[in-house]
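Read off the chains here:
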Amino acid sequence: PYTKSVVIKIMTGDELKDFYLIYEGLEKHPYKISTIAQNRQKTIDLVLMYLTKPTNLRLLYYKNGEKKEVVVYDNLRKDDLKTILLTINADEDDFKVDTAIQESTV
């Protein structure tokens, strides 16, 4: 209970290493994503049971030695269990992250 799936699709043409999902404003260790191969995807299950208030989900990564963060989901709550689909594309000298919500198929 209280887990949310996040599917990360890498569409950059390069393998991505060492990026993180973090909860804004919470002193919780970030979820490290070690490696995703080029043009592949990875599914991660986030545990939400300790969220006591809505928070933003952020993606933290390093590009050209510079730390970058982007909000990938606003108002994350522990009872919001819809799957998040993050698509990461190359965008000149950075990444462009698109967020979509998968509706449940019951």
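Residues numbered from 1 in each chain as written. Predicted model: local features only at pLDDT ≥ 70, side-chain atom pairs only at ≥ 80, totals over all residues. Heavy atoms only, no water.

This brings us to the sheet that holds strand β4 (residues 41–47). Read across the open sheet, the four strands follow the order β4-β1-β7-β8; overall the sheet is mixed. Unpaired on one side and paired on the other, β4 and β8 (94–102) mark the two borders of the sheet. Strand-to-strand, the axes of this sheet are offset by a mean angle of 25°, without reference to chain direction. Pairing analysis gives nine bridges linking strand β7 (residues 83–91) to β8, with the strands arranged antiparallel. Its bridge partner lying in β8, Thr83 is registered against Gln102. (Pairing = 2+ DSSP bridges. Helix = DSSP H or I, 4+ residues; strand = E, 2+ residues; numbered from the N terminus. Axes fitted to C-alpha atoms, helices over the stretch in contact; angles between N-to-C directions.)

This paragraph deals with the packing of aromatic side chains. This structure, assessed with the given rule, holds two aromatic pairs. Between Tyr23 and Tyr50, the ring centres sit 5.7 Å apart and the planes meet at 85°, which makes this aromatic pair edge-to-face. Of the two residues, Tyr23 sits in strand β2 (residues 16–23) while Tyr50 sits in the loop between β4 and β5 (55–63), which places them 27 residues apart along the sequence. (Phe/Tyr/Trp six-rings, centres within 6.5 Å; stacked < 30°, edge-to-face > 60°.)

Residue position: Thr52 is located in the loop between β4 and β5. Judged by its relative accessible area of 74%, Thr52 falls in the exposed class. For the pair Thr52 and Lys78, spaced 26 residues apart in sequence, the C-alpha to C-alpha distance is 7.8 Å. (Buried < 20%, exposed > 50% of the residue type's maximum accessible area, 1.4 Å probe, protein only.)

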